[in-house]
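Notes for the structure review
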Amino acid sequence: MPQETVCKIVRQYNKFPVSKEDMDKLLEIGEDYGKVKNYVYRRYGGIRSLSKLYPGYTIQNEMTRSGLRENLKMPSVYFYLAVFEALGDIKSQWTRTKTLILNNISKNQGLTEEERHFLRYLIKVNNALDSVLNGSPLNLPKEIRCHYDALAADVDVEKANGYLCRQVRKLHKAPHTDEVKGFSMTERAYRYKDHGIYISIKEKRKRIFIPLTDGNTYTRQIQIRLFAEESRVELRVPVDVAVKGHRDHEKRVGVSFGMLTMLVTDEGHEYGEELGRYQAKLSDWLQEQSTIYNQNRQANPGRKKYYANKERLTGQLHGYINQELNRFIKEEKPKAVYYPRLPRSGTSGPSRKMNHLASTWQRGYICSRLTQKCREQAIELVEVPSKDIGRTCSRCKEIWGGISGKRNAAQEGSDAGRQSEEAQGAPGGDVFTCPYCGYKADKKQNAACNVKRRGEEARGRREG
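Residues numbered from 1 in each chain as written. Predicted model: local features only at pLDDT ≥ 70, side-chain atom pairs only at ≥ 80, totals over all residues. Heavy atoms only, no water.

The next thing to look at is the overall build of the protein chain. Counting secondary structure elements, the protein chain contains 14 helices and 14 strands. Out of the 464 residues in the protein chain, the part that is buried amounts to 43%. Long-range pairs, those at least 24 residues apart, make up 72% of the contacts in the protein chain between residues at least 6 apart in sequence. Total accessible area on the protein chain is roughly 25400 Å²; 48% of this is exposed by carbon and sulfur atoms. (Helix = DSSP H or I, 4+ residues; strand = E, 2+ residues; numbered from the N terminus. Buried < 20%, exposed > 50% of the residue type's maximum accessible area, 1.4 Å probe, protein only. Contact = heavy atoms within 4.5 Å. Areas by Shrake-Rupley, 256 points an atom, 1.4 Å probe, with all protein chains shown as cover.)

Below is the structure:
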């Protein structure tokens with residue numbers, strides 16, 4: 001039986017500073033790479049090109065005939081990679097747009113159930129969506145057309161089409177890139193040799209050589225990131241690594257997440273205690289820079305330093321998150337990890353500053369990294385429902401009066417209010433006290449115990 005593998009990003013670095021001449025040649029490729037992507041974004045990111053996105057060969061042929069590659073004198077190994085990377089971004093943007101519209105359809109009280117069903121059908125059928133947005137004749141296979149006609153008979157088609165067009169105009173934005181961070185390379189564009197890598201440039205049959213800190217070699221598409229001011233590069237290589245099983249990992253652990261402390265286990269162990277400090281540093285800096293930029297918008301201030309500093313602060317935060325997740329797995333030795341489904345960010349916290357801090361909470365990144373690390377270590381990761389998870393007593397399982405335990409009045413508000421209060425460390429907000437049985441515990445530990453119990457109950461039902 002083949003061993004299970006998981007994809008992981010491996011990074012390689014230059015051993016010596018990259019010369020200015022070589023860096024300029026790499027930056028030139030990066031700039032052209034960005035120009036090609038922006039050209040594709042502008043030409044194919046709108047509603048008129050929706051029918052060309054799948055599978056994308058029509059766009060590839062049109063880009064070949066456009067003459068852009070010849071004008072830029074760009075090698076084909078970079079040109080077509082930029083085209084298909086841009087197409088992937090456009091498809092992702094359309095997926096995001098459709099998701100937002102589906103959410104709005106579910107929330108719109110002015111729509112009947114038949115209209116909701118019809119609109120969802122239009123969004124999921126590409127030909128139907130393209131026809132509505134461009135006002136073109138509907139061209140569907142016979143079996144699909146029958147289904148469409150049955151749904152359309154129960155609704156005002158013109159009204160539904162108008163609503164869908166307004167939603168797309170409001171929510172869909174074509175991608176754009178202003179930064180030259182790097183570019184991707186296929187096997188034909190590079191060659192590992194002499195304890196380094198040779199990279200093709202715009203000059204025919206010319207390559208630049210960059211010594212690397214390791215002697216590893218790969219044969220797949222890789223991404224190169226350019227840091228011109230630091231005279232360095234970073235290679236990002238996706239590799240398939242074998243999943244590592246651990247016989248000594250026997251615990252089943254429940255965890256709860258927070259903004260001050262990253263996660264707390266059902267035994268009360270804390271990991272990422274400095275997360276709040278890192279996030280507050282990033283949040284405060286973003287607010288300060290936003291104010292400065294808005295005050296000087298007429299002067300057209302550059303954003304190069306802004307993006308560089310933002311990347312640096314975000315990198316520090318992400319590095320700390322990964323470090324603490326590694327420590328969690330090393331010390332807890334879990335066989336299974338149960339975690340709660342996180343609520344969406346709220347918008348009605350106690351202050352604008354707290355709202356901004358809640359909006360920059362890296363919970364999505366934390367969950368994605370925890371998922372990746374658990375897959376690499378063959379650890380079962382289970383998401384459990386989070387309703388009333390923090391308002392239920394983990395000892396007696398009661399939800400007293402619908403709001404289990406004594407909590408501050410502010411804590412009965414929105415999710416954003418509770419998250420912001422946690423970030424402030426509100427007095428009395430850290431201890432959960434059950435008025436039914438008198439149980440007292442740290443509120444995040446109490447929530448983690450409930451998470452574990454729900455996870456174990458679900459496992460029992462599956463195995464039973």
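After presenting the structure, the write-up continues.
With an omega of 0°, the peptide bond between Tyr 54 and Pro 55 qualifies as cis. Examined against the element boundaries, Pro 55 turns out to sit in the loop between helix 1 (20–44) and helix 2 (57–66). Unusually for a residue other than glycine, Lys 333 sits at a positive phi of about 50°. When its relative accessible area of 33% is taken as the criterion, Lys 333 is described as partly exposed.

Time to look at the pattern of salt bridges. Across all of its chains, the model carries 32 salt bridges by this definition. Among the ionic pairs, Arg 145 bridges to Asp 149, the shortest N-O distance being 3.1 Å. Taken together, the residues span about one helical turn, with Arg 145 and Asp 149 both in helix 7 (residues 142–152) at a distance of four residues. Look at Arg 145 and you get partly exposed, because its relative accessible area is 31%. For Arg 391, the salt bridge goes to Asp 388, with nearest N and O atoms at 2.2 Å. By relative accessible area, Arg 391 is classed as partly exposed at 28%. (Salt bridge = Lys/Arg side-chain N within 4 Å of Asp/Glu carboxyl O.)

For the rest of this paragraph, the subject is helix 5 (residues 113–124). For helix 5, built from twelve residues, the straight-helix expectation of 16 Å at 1.5 Å per residue is met to within 8% by its first-to-last C-alpha distance of 17 Å. Listing the buried residues of helix 5 in full gives Glu 115, Arg 116, Phe 118, Leu 119, Tyr 121, Leu 122 and Ile 123. Of the surrounding elements, those touching the buried residues of helix 5 are helix 4 (76–107), helix 6 (126–134), helix 7 and helix 8 (157–171). (Expected span 1.5 Å × (residues − 1).)

Strand order in the open sheet formed by four strands is 1-7-6-2, with antiparallel pairing between adjacent strands. The sheet terminates laterally at strand 1 (5–13) and strand 2 (182–185), the two strands that pair on one side only. Along the sheet, successive strands turn relative to each other by an average axial angle of 25°, direction set aside. Here strand 2 runs beside strand 6 (residues 222–227); their pairing, made up of four bridges, is antiparallel. Bridging from a neighbouring strand, Gly 182 pairs with Arg 225 of strand 6. Helix 1 contacts strand 2, strand 6 and strand 7 (232–242) of the sheet and is inclined by roughly 85° relative to strand 2. Contacting strand 1 and strand 7, helix 12 (residues 363–376) crosses the sheet at an angle of about 110° to strand 1. (Pairing = 2+ DSSP bridges. Axes fitted to C-alpha atoms, helices over the stretch in contact; angles between N-to-C directions.)

This brings us to the packing of aromatic side chains. Throughout the structure, instances matching the rule amount to twelve aromatic pairs. Taking 5.1 Å as the distance between ring centres and 85° as the angle between the ring planes, the aromatic pair formed by Phe 79 and Tyr 80 counts as edge-to-face. A relative accessible area of 21% means that Tyr 80 is categorised as partly exposed. Here the aromatic rings of Trp 285 and Tyr 306 are separated by 5.3 Å at their centres, their planes lie at 15°, and the arrangement is stacked. Separated by 21 residues along the polypeptide, Trp 285 in helix 9 (residues 275–295) and Tyr 306 in helix 10 (residues 304–332) bring together distant segments of the chain. Judged by its relative accessible area of 14%, Tyr 306 falls in the buried class. (Phe/Tyr/Trp six-rings, centres within 6.5 Å; stacked < 30°, edge-to-face > 60°.)

For the protein chain, the average pLDDT comes to 87, and 89% of its residues sit at 70 or higher. For the stretch residues 402–428, pLDDT sits under 50, and the model shows 67 contacts to residues farther than four places along the chain or on other chains. (pLDDT = per-residue confidence, 0-100.)

Here we take up the packing of helix 4 against helix 8. Contact geometry of helix 4 with helix 8 gives a least axis separation of 10 Å together with a crossing angle of 125°. Compared by their axis directions, helix 4 and helix 8 come out oblique. The element helix 4 and its partner helix 8 pack so that their crossing is right-handed. Taken together, the residues of helix 8 that come into contact with helix 4 (itself represented by Trp 94, Arg 96, Thr 97, Leu 100, Ile 101, Asn 104 and Ile 105) are Tyr 163, Leu 164, Gln 167, Val 168 and Leu 171. Residue classes in the contact of helix 4 with helix 8 are distributed as eight nonpolar, three polar and one charged. (Parallel < 35°, antiparallel > 145°, perpendicular 65-115°, else oblique. Left-handed = near helix turned anticlockwise from the far one by under 90°. Nonpolar A, V, L, I, M, F, W, Y, C, P; charged D, E, K, R; others polar.)

To continue, consider the side chain of Gln 167. By secondary structure assignment, the location of Gln 167 is in helix 8. Looking at Gln 167, the relative accessible area reads 11%, which means it is buried. Looking at Gln 167, its side chain comes within polar contact range of the side chain of Asn 104, at 2.8 Å. (Polar contact = N/O pair within 3.5 Å; in protein donor to acceptor, adjacent residues only side chain to side chain.)

Counted by the stated rule, this structure contains zero disulfides. No disulfide involves Cys 396; its sulfur sits 3.6 Å from that of Cys 393, the nearest cysteine. Judged by relative accessible area, which is 23%, Cys 396 ranks as partly exposed. The structure places no disulfide on Cys 449, whose sulfur is separated from the nearest cysteine sulfur, that of Cys 393, by 9.7 Å. (Disulfide = S-S within 2.5 Å.)

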